[in-house]
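Spelled out, the chains give:
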Amino acid sequence: MTTVSFPGLGIGEFTIDPVAIRIPIGGGIEIRWYGILIVTGIILAFLYCAYRAKQEGINFDNLLDIAIFTIVFAVIGARAYYVLTTLDQYESFWEMIAIWNGGIAIYGAIIGGAITIYVVCKIKKLNFLKMMDAAGPAVMIGQIIGRWGNFCNGEAFGSEIPEGNWLYFIRMGLNSSNTSFNTMYVHPTFLYESLWNLVGFVIIHFLYKKKKFDGQVVLMYLTWYGFGRMFIEGLRTDSLYIPGTPIRISQVVGFLCFALGTLALILCLVKANRREKDSAEYTLAYKKISRPSSFFEENEANDLSDASENLAEDSNTDQEKEDA
């Protein structure tokens, strides 16, 4: 159970039970809000992806095949990423695969999902970059909703906000069974990330139709998310670290996504603009070449017409002389 509040927003204390439904079967089955929100995010992400995939010329049957494999291997990737960065916490293989005990990472899901999409697209001979463009903003929907699962679990919060901090107004009062302290006011990093992704999704959604090359949308997603995560991760208290160092893994990955994504976007946009300019110049040159040709053809046709008229007149004159 977690007791939270947002006094700066006028929201007093309320308690959240991470378990949504308890089914009295066997030793008892619990359905948690986290799972419900994750599944909801996946469904909405799929529906949006289907909308974009149709625009990209990818039919629904192919998308469904891609989605089935991608969801499975994204979950595996999310768990594998977390386990590989916290190997010292596990004593057996069984503990490593016990995903129901918690422990997944979004970057692992992105990596596992991207590899799966690539493989399935290769097998089905589909355009990988078009599919990734359709999937990019869809993933953001899953992240927007999924972060509220962390809220329900009383996790993924940040460090304490000192009074006077410019974000103090949005502070979250927290007293959780997962913590060893009484109520303290912390950065609601789950909310920061959810809102950051929401803003990014809106921007990318409206820029989607203006993309100039395949792969632009997914690069925009990686760049946007990487930039935000790079800063938000620095506020969290549950970060994964590179073993033996004080360096947060997600900050490094976020920085790489932002830096490499920005570089790729710039280079590809320059190339796309150059190609667009060359195409425009070619079209203009073609029109200039075709105009004289049309002009000469028109003059030639006029000359033939005049010659025909003159021949007809000469013929009529000869006929008149014969009649005379």
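Refer to the structure printed above.
Reference entry: report on the structure contained in this document. (Residues numbered from 1 in each chain as written. Predicted model: local features only at pLDDT ≥ 70, side-chain atom pairs only at ≥ 80, totals over all residues. Heavy atoms only, no water.)

### A look at the overall build of the protein chain
Piece 1. On a plain count of helices and strands, the protein chain comes out with 8 helices and 6 strands.
Piece 2. Starting at the N terminus and ending at the C terminus, the protein chain contains elements arranged as β-β-β-β-α-α-α-α-α-β-β-α-α-α.
Piece 3. Summing over all exposed atoms, the protein chain offers an accessible surface of approximately 19,400 Å²; the carbon and sulfur share of this is 64%. (Helix = DSSP H or I, 4+ residues; strand = E, 2+ residues; numbered from the N terminus. Areas by Shrake-Rupley, 256 points an atom, 1.4 Å probe, with all protein chains shown as cover.)

### Thoughts on the pairing of strand β2 (residues 11-16)
Successive side chains on a regular strand alternate, one facing one side of the sheet and the next facing the other.
Piece 1. Of the pairings in the sheet, the one linking strand β1 (residues 2-6) to β2 comprises 4 bridges and is antiparallel in character. Pairing of V4 across the sheet is with F14, part of β2.
Piece 2. Hairpin remark: β1 followed by β2, antiparallel, with 4 residues in the connecting loop; positive phi at G10, about 80°. (Pairing = 2+ DSSP bridges.)

### Observations regarding the packing of helix α1 (residues 33-55) against helix α5 (residues 128-153)
Piece 1. Put simply, α1 and α5 touch, their axes get as near as 8 Å, and they point 165° apart. In this view, α1 runs roughly antiparallel relative to α5, as classed from their interaxial angle. Crossing of α1 against α5: the hand is right-handed.
Piece 2. Across the contact of α1 with α5, the residue classes break down as 18 nonpolar, 6 polar and 1 charged. (Axes fitted to C-alpha atoms, helices over the stretch in contact; angles between N-to-C directions. Parallel < 35°, antiparallel > 145°, perpendicular 65-115°, else oblique. Left-handed = near helix turned anticlockwise from the far one by under 90°. Nonpolar A, V, L, I, M, F, W, Y, C, P; charged D, E, K, R; others polar.)

### Looking at the pattern of salt bridges
Working definition: two side chains of opposite charge can pair if their charged atoms are close together.
Piece 1. This structure, assessed with the given rule, holds 14 salt bridges.
Piece 2. The closest approach of N and O atoms between K130 and E56, which form a salt bridge, is 3.6 Å. Linking K130 in helix α5 with E56 in the loop between α1 and α2 (60-84), this pair joins segments that are 74 residues apart in sequence.
Piece 3. What emerges from the salt-bridge pattern is a single network uniting R147, E193, R229, E233, R236 and D238. (Salt bridge = Lys/Arg side-chain N within 4 Å of Asp/Glu carboxyl O.)

### Let's talk about the packing of aromatic side chains
Piece 1. Inspection of every chain in the model, using the stated rule, returns 15 aromatic pairs.
Piece 2. Look at W148 and F151: their rings are 5.5 Å apart centre to centre, the planes differ by 80°, and that puts the pair in the edge-to-face class. Of this pair, W148 and F151 both sit in helix α5, 3 residues apart, roughly one helical turn.
Piece 3. In textbook terms, an aromatic cluster arises when at least three aromatic residues are bridged by ring pairs, as seen for F6, F14, W148, F151 and F190.
Piece 4. Its end group placed over the ring of Y185, R171 keeps NZ or CZ at 5.5 Å from the ring centre. (Phe/Tyr/Trp six-rings, centres within 6.5 Å; stacked < 30°, edge-to-face > 60°. Lys NZ or Arg CZ within 6 Å of the ring centre and 35° of its normal.)

### Focus on the packing of helix α4 (residues 106-124) against α5
Piece 1. α5 packs onto α4 with a crossing angle of 155° between their chain directions and a minimal axis gap of 11 Å. What the angle tells us is that α4 and α5 run roughly antiparallel. Handedness of the α4/α5 crossing: right-handed. The segment α4 lies against α5, with I106, A114, I117, Y118 and C121 engaging F128, M131, M132, A135, Q143 and R147. (Contact = heavy atoms within 4.5 Å.)

### Section: the side chain of T70
Piece 1. Structurally, T70 can be placed in helix α2.
Piece 2. Setting aside chain neighbours within four positions, we find T70 in contact with G113, T116 and I117.

### Overview of the nonpolar core
Piece 1. Of all hydrophobic cores here, the largest spans 62 residues; its most connected members are C49, L63, I117, M131, F151 and M172.
Piece 2. If you tally residues by element for this core, the top one is α5, at 11 residues. (Core = buried A, V, L, I, M, F, W, Y, C linked by side-chain atoms within 4.5 Å. Buried < 20%, exposed > 50% of the residue type's maximum accessible area, 1.4 Å probe, protein only.)

### Concerning α5
Piece 1. The first and last C-alpha atoms of α5 sit 36 Å apart over 26 residues, in line with the 38 Å expected at 1.5 Å per residue.
Piece 2. Along α5, the sharpest kink reaches roughly 25°, centred on G136 and followed within four residues by the proline P137.
Piece 3. Across the 26 residues of α5, 20 count as buried, placing the element largely inside the fold.
Piece 4. Capping the start of α5, N127 holds a side-chain oxygen 3.0 Å from the backbone nitrogen of L129, two or three residues further along. (Expected span 1.5 Å × (residues − 1). Bend = angle between axes of the 7 residues up to and from the residue. Polar contact = N/O pair within 3.5 Å; in protein donor to acceptor, adjacent residues only side chain to side chain.)

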